[in-house]
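Descriptive analysis of the structure
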Amino acid sequence: MELPVVNHKDYVAKIGDDHKFPINKFGELAKYLIDQKVVNKFHNPTPCSFETLNRAHSKNYINDIKNKTLDKNAIKKIGFPLVDSVVQRSLVATGGTVLASKLALNYGGGAGYCVFNDVAVAAHYLLDRGFANRILIVDLDVHQGNGNSDIFKDNRHVFTFSMHSKTNYPAKKSISDLDVELEDNLED
């Protein structure tokens, strides 16, 4: 069976070679997967619709992103410059997560460098269309999954789990359904 992997050329936004976020990793990983014959072709996403984005984000925020009129403090919080390629990447990447969630059903399978919360958008998409009744969001990176915990704090259909560094971003943590805070300098 073909491994369903979603990718798009626009995942690599033009943020400058000196930016601390390694945006080129998305293109490099795609090339590696093709070169190693892990995948033959990618499923290509389309930009996420306004309606689907609006289930997790306000109309004003979406319009400010699309029109590049977001205030400087909000742009700083995102961590990316608000330029055309970042806007396009954000729409396509969120559409890619929605597509990946649909493919996962068929195949059985926010702040800080995130313009749109693609996981929250995809979760709402699946719930709204009856593709899922309950969703578990597992966030295992160094930062707390505060965006998901804030968006779904009153939604009994989504359980948020975050395992993260106790001392890393954000300084004031949100409350997930389950938070596991880890001490600094842990190893495997």
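Scroll up to find the structure this text is about.
Residues numbered from 1 in each chain as written. Predicted model: local features only at pLDDT ≥ 70, side-chain atom pairs only at ≥ 80, totals over all residues. Heavy atoms only, no water.

1. Digging into the environment of K20
As for its position among the elements, K20 is in the segment before α1 (25-35). The exposure class assigned to K20 is exposed, which follows from its relative accessible area of 72%. Residues K20 and F80, spaced 60 residues apart in sequence, show a C-alpha to C-alpha distance of 9.7 Å. (Helix = DSSP H or I, 4+ residues; strand = E, 2+ residues; numbered from the N terminus. Buried < 20%, exposed > 50% of the residue type's maximum accessible area, 1.4 Å probe, protein only.)

2. Re the pattern of salt bridges
Here the structure, examined in full by the defined rule, presents six salt bridges. Salt-bridge contacts for D10 lead to K9; the nearest nitrogen and oxygen are separated by 3.2 Å. Where R55 meets D128, a salt bridge forms, and the shortest distance between an N and an O atom there is 2.5 Å. Exposure remark for R55: the relative accessible area of 40% places this residue in the partly exposed category. Classification of D128 by relative accessible area gives partly exposed; the value is 40%. (Salt bridge = Lys/Arg side-chain N within 4 Å of Asp/Glu carboxyl O.)

3. Things to note about the side chain of T94
Residue placement: T94 occurs in helix α5 (residues 84-107). Here T94 is in contact with C48, L53, F116, D118 and V121, once residues within four sequence places are set aside. (Contact = heavy atoms within 4.5 Å.)

4. Regarding the pairing of strand β1 (residues 135-139)
Of the two faces of β1, only the one carrying I135, I137 and D139 is buried; L136 and V138 on the other face are not. Alignment of β1 against strand β2 (residues 158-165), held across five bridges, turns out to be parallel. Among the inter-strand pairings, L136 is bridged to a residue of β2, identified as F159. In the classification by handedness, the crossover that spans β1, the intervening helix α7 (residues 146-151) and the parallel β2 is right-handed. (Pairing = 2+ DSSP bridges. Right-handed = clockwise from strand over helix to strand, strands pointing away.)

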